[in-house]
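As a plain string of letters, each chain reads:
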Amino acid sequence: MAAAKRSPTAADAAAARPTIEAGQAVAQALLELGSQLRPSSDVEFFLRQALSLASQYLEADHGVVLTVQPGDDKLLLRSSLDAQHKLPEGGRPSRFGPGEGLAGWLIANQQPVIIDHLVQDARWVRYEDADQEHKSAIGAPLTVNQDTLGAMLFFSSTTSAFKPASLPVVQAAANQAAAALYHAELYRLIRDQASQQGGLLREQRVEASKSNAILESVAEGVLAADQRHRVTLLNAAAEQILDLRRNELLGRPISEIIGIYGQAGERWLRAVEAWSLPASADEHEANLEAQLVLEDGRIVALTVAPVLLDRDFLGTVTTFRDITQQVEVDRLKSEFVATVSHELRTPMTSIKGYVEMLLMQAVGPVNDEQRRFLQTIKTNIDRLGGLVNDLLDISRIESGRVELAIEPVNTVELLGEVREAFLRRARLESKPMNVELVAGSQVPPVRADRDRLRQVLNNLVENSFNYTPANGSIRLSAWAVEARVMIEISDNGIGIAPAEQSRIFERFYRGEQALNLSVGGTGLGLSIVEQLVDMHRGTIELESKGVPGQGTIFRVSLPAAPTQGKSAR
Ligand code: ADP
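Residues numbered from 1 in each chain as written. Predicted model: local features only at pLDDT ≥ 70, side-chain atom pairs only at ≥ 80, totals over all residues. Heavy atoms only, no water.

Participant: Would you take a moment to explain the overall build of the protein chain for this structure?
Facilitator: A count of helical and extended segments in the protein chain gives 17 helices and 18 strands. Here the C-alpha radius of gyration of the protein chain, 48 Å, is well above what a compact globule of 569 residues would show, namely 25 Å. Overall size of the protein chain, expressed as C-alpha extent along the three principal axes, is 160 × 55 × 50 Å. Expressed as a percentage of its 569 residues, the buried residues of the protein chain come to 39%. Expressed as a percentage of contacts within the protein chain between residues at least 6 apart in sequence, the contacts between residues at least 24 apart total 60%. Of the accessible surface of the protein chain, which amounts to about 32,400 Å², a share of 52% is contributed by carbon and sulfur atoms. (Helix = DSSP H or I, 4+ residues; strand = E, 2+ residues; numbered from the N terminus. Rg over C-alpha atoms; globule rule 2.2 N^0.38 Å. Buried < 20%, exposed > 50% of the residue type's maximum accessible area, 1.4 Å probe, protein only. Contact = heavy atoms within 4.5 Å. Areas by Shrake-Rupley, 256 points an atom, 1.4 Å probe, with all protein chains shown as cover.)

Here is the structure:
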């Protein structure tokens, strides 16, 4: 190099021109450097190596790498050959914005440049406090896949220090630097994503093991199956309730388990299979509730629900609860009530008989006051008889002791009989009531137990009779709806307030108005009706605005009996 302080001349620069061999050696060194590049390489080291290899060849006084930082308003001084001002790890912001200065120009124009006289060049921004006086420069953009990541620049303290022949070396060094930066960025991205995913995976594992712990500790049995009905999960409670071993079941089709539970099992399987068919969302929503009776006599209540993601069926979850004890307690309660009611009947029959005999003056004359008292006793004994009968009925139904004698029953005929009975009662009690019967032309017979169905209709019409003032109207109608028969009993009585509607099927529940009217009743009628309708695989619903005069409609839907040719049973 020329001695210090002497103004360099063009001849000096020419004398210092790098030889072709030197260029090849640097290119070789750069290639070797490139071959050492790994995603995890120390990018600072690579940048400095590329800078210093090229700078030696160029005999430059200084070299820098500036990079574009997305989102930052200044270019980053990423690497520098200035030994006096060491850069912090990762570089430091420069004074140039992305479009400013020589680096800005290189990035914007994406082409290398040689500037022989920096002072005369508009792209050169000179700072007064700069400790080095640069006279000429050579530079190239750092480009990868058409993205410009920054610029590499070399400076000399002499004018025209760089020749076009050196441009390939500068560009090669710039390419190595760009590759190093690109790899580093890629590596950072992959590492970030991997650690993010690792974090997510850990969170998922934590959540899964929490859910697992919860599942294992709940008293309810849980069994999950996938879209193809294969068992994917069975908790400890399910193992215990169903007396099945999880290892033997996991991965096996759910039908193998369900198959052993008879009719309830079949309904369970049908529900599971129905959910896997494409269906409307509404159809998907319904859960199935059923009871299984296990071989050892235990009773298990099960609820099956589909697992849906939007409208996609992912599988089913079935929960089990051992309700044997509950059923047993209920049975004992019903049995107790049945025994007590039965025992009450005998003395009541006797009281009733003696009162009737007294009223008939069979044992001597009775005066008016005595007759009134005896009449009151008789009325109350009748009410008590009604209550005892209802109680007996309820307990028999609940303990499963009522067996239905199913046959095809003509509802219109039955409604006609009930109508006659109430017209008679209206006359007898001097409570005029208009009772009409409206029936569709072809109402098929229903599958029913004639006496029990009569009890249901009787009960509903009796309520209409009781809760409709004299001279009111009761309408009985029946019509066919597909494979079912609808029976409607409507009146224009006092109605049922909406707030009470959910409670009137409860045992012993009596509406406030009914109590005010002091109509005799037990509050058991509708509860019996509901259970009998259910036993007939029917449904019952009511409609009322709760406005006196607008009355109430009770609607019972029952399955029609199979048409002739098939068995009626
Ligand atoms: P009960 O008639 O013996 O009170 P139910 O179980 O038959 O008992 O009916 C329960 C309650 O439902 C009645 O107390 C009454 O408040 C109401 N209810 C039933 N049917 C009617 C009706 N047709 N009109 C008005 N209220 C009714």
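And the narrative resumes.
Participant: Would you mind showing me how to read the nonpolar core here?
Facilitator: Soluble globular proteins tend to pack their nonpolar side chains together in the buried interior. Counting 43 residues, the largest nonpolar core has Leu 453, Leu 457, Leu 460, Ile 487, Ile 504, Ile 540 and Phe 554 as its most contacted members. Looking at this core, the element that brings in the most residues is helix α14 (residues 450–466), giving six residues. Those residues in contact with Ile 504, other than ones at most four positions away along the chain, are Ile 496, Tyr 509, Leu 526, Leu 542 and Phe 554. Ranked by size, the runner-up nonpolar core spans 30 residues in total, among them Phe 154, Phe 162, Val 170 and Ala 174. (Core = buried A, V, L, I, M, F, W, Y, C linked by side-chain atoms within 4.5 Å.)

Participant: I would appreciate a short explanation of the site of the ligand in the present structure.
Facilitator: Surrounding the ligand, one finds 20 residues, the nearest of these being Asn 463, Tyr 467, Arg 510, Thr 522 and Leu 526. At a separation of 2.6 Å, an oxygen atom of the ligand approaches a polar side-chain atom of Arg 510. In this structure, Thr 522 approaches the ligand through a main-chain N or O atom, which is 2.9 Å from an oxygen atom. Notes on the ligand: free accessible area 540 Å², of which the protein chains cover 97%. Those elements that place two or more of their residues in the shell around the ligand are α14, α17 (525–535) and β18 (552–559). Within the shell around the ligand, the residues separate by chemical class into nine nonpolar, nine polar and two charged. (Near = heavy atom within 4 Å. Polar contact = N/O pair within 3.5 Å; in protein donor to acceptor, adjacent residues only side chain to side chain. Nonpolar A, V, L, I, M, F, W, Y, C, P; charged D, E, K, R; others polar.)

Participant: Mind showing me how you'd approach the sheet that holds strand β11 (residues 312–322) here?
Facilitator: In sheet architecture, strand pairing relies on hydrogen bonds along the backbone and comes in two forms, parallel and antiparallel. Overall, antiparallel pairing links the five strands, which are arranged β8-β7-β11-β10-β9 in an open sheet. In the strand order of this sheet, the two ends are held by β8 (231–234) and β9 (288–293), each with one partner. For this sheet the average axis-to-axis angle between neighbouring strands, irrespective of direction, equals 25 degrees. (Pairing = 2+ DSSP bridges. Axes fitted to C-alpha atoms, helices over the stretch in contact; angles between N-to-C directions.)

Participant: Quick question: what am I supposed to make of the packing of aromatic side chains here?
Facilitator: For any pair of aromatic rings, geometry is given as the distance between the ring centres together with the angle between the planes. As enumerated under the stated definition, the model contains four aromatic pairs in all. Judged by centre distance (5.8 Å) and plane angle (50 degrees), the ring pair of Phe 422 and Phe 465 falls under tilted. Within this pair, whereas Phe 422 is found in helix α13 (residues 411–428), its partner Phe 465 is found in helix α14, the two being separated by 43 residues in sequence. An identical accessibility class is assigned to Phe 422 and Phe 465; each is buried. Taking 6.4 Å as the distance between ring centres and 85 degrees as the angle between the ring planes, the aromatic pair formed by Phe 505 and Phe 554 counts as edge-to-face. Of this pair, Phe 505 sits in the loop between α15 (498–501) and α16 (512–516) while Phe 554 sits in strand β18, placing them 49 residues apart in sequence. The exposure class of Phe 505 is buried, given its relative accessible area of 15%. (Phe/Tyr/Trp six-rings, centres within 6.5 Å; stacked < 30°, edge-to-face > 60°.)

Participant: Please clarify how the pairing of strand β7 (residues 221–226) should be interpreted in this entry.
Facilitator: In the case of a regular strand, side chains alternate between the two sheet surfaces. Burial analysis of β7 places six of its six residues in the buried class, the great majority of the element. Here β7 shows two buried faces, one formed by Gly 221, Leu 223 and Ala 225 and the other by Val 222, Ala 224 and Asp 226. Of the strand pairs in this sheet, β7 and β11 are connected by six bridges, and their pairing is antiparallel. Bridged to Val 222 within β11 is Thr 319. In the sheet, β7 pairs with β8 via three bridges, with the strands oriented antiparallel. Following the sheet pairing, Leu 223 is matched in β8 by Leu 234. Taking the residues between adjacent antiparallel strands as the criterion, β7 and β8 are bridged by four residues, where His 229 takes a positive phi near 65 degrees.

Participant: Would you take a moment to explain the sheet that holds strand β6 (residues 147–156) for this structure?
Facilitator: Strand order across the open sheet formed by six strands is β3-β2-β1-β6-β5-β4, with antiparallel pairing between neighbours. With partners counted over all chains shown, the strands left at the sheet margins are β3 (92–93) and β4 (113–115), one partner each. Bridge count between strand β5 (residues 136–144) and β6: nine bridges; the pairing is antiparallel. Opposite Val 144, over in β6, you have Asp 147 as the bridge partner.

Participant: Would you explain the pattern of salt bridges in this entry?
Facilitator: Tallied over the full model, the rule gives 28 salt bridges. With a shortest N-O distance of 2.9 Å, Asp 121 and Arg 123 are connected by a salt bridge. Of the residues examined, Asp 121 reaches a relative accessible area of 17% and is grouped as buried. Take Arg 123: its relative accessible area is 24%, and that puts it in the partly exposed class. The network of salt bridges with shared partners includes Glu 216, Glu 239, Asp 243, Arg 245 and Arg 246. (Salt bridge = Lys/Arg side-chain N within 4 Å of Asp/Glu carboxyl O.)

Participant: Would you mind showing me how to read the packing of α13 against α14 here?
Facilitator: Two quantities define a packed helix pair, namely the angle between the axes and the distance from one axis to the other. As a packed pair, α13 and α14 sit with axes 10 Å apart at the nearest point and diverge in direction by 40 degrees. Our classification of the angle between α13 and α14 gives oblique. α14 is crossed by α13, and the crossing has right-handed handedness. Between α13 and α14, the contacting residues are Thr 411, Glu 413, Leu 414, Leu 415, Glu 417, Val 418, Phe 422, Arg 425 and Ala 426 on the first element and Arg 450, Leu 453, Arg 454, Leu 457, Asn 458, Val 461, Glu 462, Phe 465 and Asn 466 on the second. (Parallel < 35°, antiparallel > 145°, perpendicular 65-115°, else oblique. Left-handed = near helix turned anticlockwise from the far one by under 90°.)

Participant: Could you clarify how one ought to interpret the environment of Asp 226 in this entry?
Facilitator: Tracing the backbone through its elements, the reader meets Asp 226 in strand β7. For Asp 226, the side chain forms a polar contact with the main-chain nitrogen of Arg 228, separated by 3.0 Å.

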